[in-house]
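Remarks on the overall topology
For reference, the chains in residue letters:
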Amino acid sequence: MVPVMIETLVVGIPPSPSVVVLRPLDDTMSSARVLPIWIGPTEAASIGIALEGQPRVRPMTHDFLASIIEALHADIERVVIDRVEGSTFFATVTLGQSGETIAVDARPSDSIALAVRTKSPLFVDEDVLNSSSFPYLFSNTTNREAAMKDFRGFLDSITPEDFQEH
């Protein structure tokens, strides 16, 4: 398992897709492997709200799920993007409760939204990372904002199908 971070989130307005981009923690900004995962607009909004730390008057679905896990005296030990089939990714949320480990199948977008809220570690299976990520050389490494703007432009030009094996 490779520990990753959210490099960027691009929230598209339908019909444009939203994309969450993961990057291994040990990669540098100047030379990184990136793993784009196309997600739904609702999940993208939920991840964005959690990343920005915006307080909510009423809990969103992922806040509610985090509250349920806490009420059951469980902790999220980790979230792992553990499989890919074509352009569809799969994840497992591993919970710890009373000394037991519980693995729950989940969509990556929901898992990531939950991990951000609970500050849980996020991983990608090494085989998934090797088969579905690609190297990206960030152009203007002294100005992170400009580099991310260039990268988001690049993301607009690709589709999930670009990563399928032919």
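Residues numbered from 1 in each chain as written. Predicted model: local features only at pLDDT ≥ 70, side-chain atom pairs only at ≥ 80, totals over all residues. Heavy atoms only, no water.

Before going further, it helps to spend a moment on the overall build of the protein. Each helix and strand counted, the protein has five helices and eight strands in total. When the helices and strands of the protein are read in sequence order from the N terminus, they spell out β-β-β-α-α-β-β-β-α-β-α-β-α. The buried share of the protein, reckoned over its 166 residues, is 45%. A separation of at least 24 residues holds for 54% of the contacts in the protein among residues at least 6 apart in sequence. Summed over all atoms, the accessible surface of the protein reaches about 9,300 Å², with 53% contributed by carbon and sulfur. (Helix = DSSP H or I, 4+ residues; strand = E, 2+ residues; numbered from the N terminus. Buried < 20%, exposed > 50% of the residue type's maximum accessible area, 1.4 Å probe, protein only. Contact = heavy atoms within 4.5 Å. Areas by Shrake-Rupley, 256 points an atom, 1.4 Å probe, with all protein chains shown as cover.)

It is a general feature of regular strands that their side chains alternate between the two faces of the sheet. Burial runs high along strand β1 (residues 2-10): seven of the nine residues are buried. Bridge count between β1 and strand β7 (residues 122-124): two bridges; the pairing is antiparallel. Following the sheet pairing, P3 is matched in β7 by F123. Two strands pair when backbone bridges link them, and β1 and strand β2 (residues 18-24) are joined in this way by six bridges, in the antiparallel orientation. Bridge pairing in β2 links M5 to R23. (Pairing = 2+ DSSP bridges.)

In the structure shown here, the tally under the stated rule is zero aromatic pairs. Here R83 stacks its cationic end above the ring of F90, 3.8 Å away from the centre of that ring. (Phe/Tyr/Trp six-rings, centres within 6.5 Å; stacked < 30°, edge-to-face > 60°. Lys NZ or Arg CZ within 6 Å of the ring centre and 35° of its normal.)

Before going further, it helps to spend a moment on the pairing of strand β6 (residues 100-106). Relative to β6, strand β5 (residues 88-97) runs antiparallel, the two being bridged by seven bridges. By the bridge assignment for β6, Q97 is matched with E100. The antiparallel pairing of β5 with β6 creates a hairpin that spans two residues between the two strands, and S98 there sits at a positive phi of about 50°.

The geometry of helix α2 (residues 61-71) relative to helix α3 (residues 108-118) is characterised by a closest axis approach of 9 Å and an angle of 65° between their N-to-C directions. The hand of the α2/α3 crossing is right-handed. Contacts between α2 and α3 involve H62, D63, L65, A66 and I69 from the former and D110, A113, L114, R117 and T118 from the latter. Classifying every residue of the contact of α2 with α3 by side-chain character gives five nonpolar, two polar and three charged. (Axes fitted to C-alpha atoms, helices over the stretch in contact; angles between N-to-C directions. Left-handed = near helix turned anticlockwise from the far one by under 90°. Nonpolar A, V, L, I, M, F, W, Y, C, P; charged D, E, K, R; others polar.)

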